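Observations on the model geometry
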Amino acid sequence: MASNSTTNNITSSTVTNSITIVNVILKQIVDQLPLVFAILGLVGFFGNVLTYLQRELRSNTCCIYSLCGSFIDIINLVLNLFANYLKLTYGTRIPWLELTYLCPIQMTSLTFLPYLSLNFLLMAIIDRYASTCSFTSPIRRINKLKMVPLCIVITILISCLASIRVPILYEYRITTGCTITQPLTNNILYMIVNGILQPMTMLIFVLLTYRNLRKSRQRIQVTGEATAGNFRRSRNHFIRMIFVQVIVTAFISLQWTIMFSSVAFLVGGLRNLTQGTFIYIFYLFSNYCYYLNNVKAFYISLLTSCLFRKTTLQIFIKCLPIRYQH
């Protein structure tokens, strides 16, 4: 009996040590994800800026919204993800993370910037939807360049309204730091607005655009294959790219919404999780993966848009020394 008890204790200790080692390794890997995402995001930002500012694309309204989204992406990655990485890893003093009176502003940026970035993606899919509508449809006015400033202002205002709860519900307390005063209200509003309403709106416009594309193909079948091919190529620029971005965005947002809601309602928030445990590490991993929404645009565009890929390749060739351009 004593021998069996000793064996069980050794086995239990071995399993515990193995789990601890795995958790430490996972924690080390997860802790470096912000640096990897920040580097990929920076490369993607420069790639988007250089590509979208080319003559072939800079007058395209969809590209303008995507470019605006790229600027918001890099701001969010630098101000929130990378700054927090420097603070936690190297103890760097970041002013907007250290000053107590900036607590509501800093928490607002965590909500406002990602929401604004996805709203510009929403504007891009609305723009592509408008391009597939009939020429007599009033919504086609969105495709005009003169409408872009107004649409950008509306997008920013909507994002402000959706994030206005944060500076109201957050305050700084000496004992707990930056603290939310109404956790349940904030969690419910976050899941409805950011986790459900925004991705669902994008998916709805994807389906509406796909429906218009099918109707367009049916209408042009009688005009001949060549005409139909030209029509599709002129009308479908960036539609596939935006479709894929919306689907990937919905998946990334869904995994974070599930994780956030599970911890918020079942555990009572991140403060109640023990650091170093598997669930804590997985929560951080899910949160960091949410920042992929600010990283993915350039790489998805390269994979899904022939025009974007061709333009980017031309820029790369121009940047090469003359002896390598032939």
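Report on the accompanying structure.

A short note on the nonpolar core
The biggest cluster of nonpolar side chains holds 63 residues, and the ones touching the most others in it are Tyr 65, Ile 125 and Ile 242. Sorting the residues of this core by element identifies α2 (33-52), α3 (61-90), α5 (103-132), α6 (148-163), α8 (183-220), α10 (239-267) and α11 (278-290) as the ones contributing at least two each. Excluding residues that lie within four positions of it along the chain, Ile 242 makes contacts with Cys 62, Ser 66, Leu 121, Ala 124, Ile 125 and Arg 128.

Structural notes on the packing of aromatic side chains
Taken as a whole, this structure holds 14 aromatic pairs when the rule is applied. Ring centres of Trp 256 and Tyr 290 lie 6.3 Å apart, and the angle between their planes is 40 degrees; on these two criteria the pair is classed as tilted. Here Tyr 290 lies in helix α11 and Trp 256 lies in helix α10, a separation of 34 residues in the sequence. Residue classification places Trp 256 among the buried residues on the basis of a relative accessible area of 5%. Here the aromatic cluster, defined as three or more aromatic residues joined through ring pairs, consists of Tyr 190, Trp 256, Phe 260, Tyr 283 and Tyr 290.

With respect to the pattern of salt bridges
Taken as a whole, this structure holds two salt bridges when the rule is applied. Residue Asp 31 pairs with Lys 27 through a salt bridge whose shortest N-O separation is 2.9 Å. Pair noted here: Asp 31 and Lys 27 are both in helix α1 (residues 2-31), with a separation of four residues, about one helical turn.

Some points on the state of the cysteines
By definition, a disulfide links the sulfur atoms of two cysteines through a covalent bond. Counted according to the given criterion, the structure contains one disulfide. Residue pairing for Cys 103: its cysteine sulfur links by disulfide to Cys 178, the two sulfurs lying 1.7 Å apart. Taking the sign of the torsion about the S-S bond as the criterion, the disulfide between Cys 103 and Cys 178, at about 80 degrees, is right-handed. Of the two residues, Cys 103 sits in helix α5 while Cys 178 sits in strand β2 (residues 177-180), which places them 75 residues apart along the sequence. Assessed through its relative accessible area of 5%, Cys 103 is described here as buried. Assessed through its relative accessible area of 23%, Cys 178 is described here as partly exposed.

Let's talk about the side chain of Asn 212
Within the fold, Asn 212 resides in helix α8. Judged by relative accessible area, which is 8%, Asn 212 ranks as buried. Separated by 3.2 Å, the side chains of Asn 212 and Thr 132 make a polar contact. Residues in contact with Asn 212, not counting those within four places in the same chain, are Tyr 129, Thr 132 and Cys 133.

Section: the pairing of β2
Note: strand β1 (residues 170-173) against β2, four bridges, orientation antiparallel. When the sheet's bridge partners are listed, Arg 173 is paired in β2 with Gly 177. Between β1 and β2, which pair antiparallel and follow one another directly, the connecting turn spans three residues.

Quick notes on the environment of Tyr 85
Locating Tyr 85 in the fold gives a position in helix α3. Residue class for Tyr 85 comes out buried when judged on its relative accessible area of 4%. Between the C-alpha atoms of Tyr 85 and Leu 35, which are 50 residues apart in sequence, the distance is 7.2 Å. Beyond its immediate sequence surroundings of up to four residues, Tyr 85 is in contact with Asp 31, Gln 32, Pro 34, Leu 35 and Tyr 90.

Basis of the calculations
Residues numbered from 1 in each chain as written. Predicted model: local features only at pLDDT ≥ 70, side-chain atom pairs only at ≥ 80, totals over all residues. Heavy atoms only, no water. Core = buried A, V, L, I, M, F, W, Y, C linked by side-chain atoms within 4.5 Å. Buried < 20%, exposed > 50% of the residue type's maximum accessible area, 1.4 Å probe, protein only. Helix = DSSP H or I, 4+ residues; strand = E, 2+ residues; numbered from the N terminus. Contact = heavy atoms within 4.5 Å. Phe/Tyr/Trp six-rings, centres within 6.5 Å; stacked < 30°, edge-to-face > 60°. Salt bridge = Lys/Arg side-chain N within 4 Å of Asp/Glu carboxyl O. Disulfide = S-S within 2.5 Å. Polar contact = N/O pair within 3.5 Å; in protein donor to acceptor, adjacent residues only side chain to side chain. Pairing = 2+ DSSP bridges.

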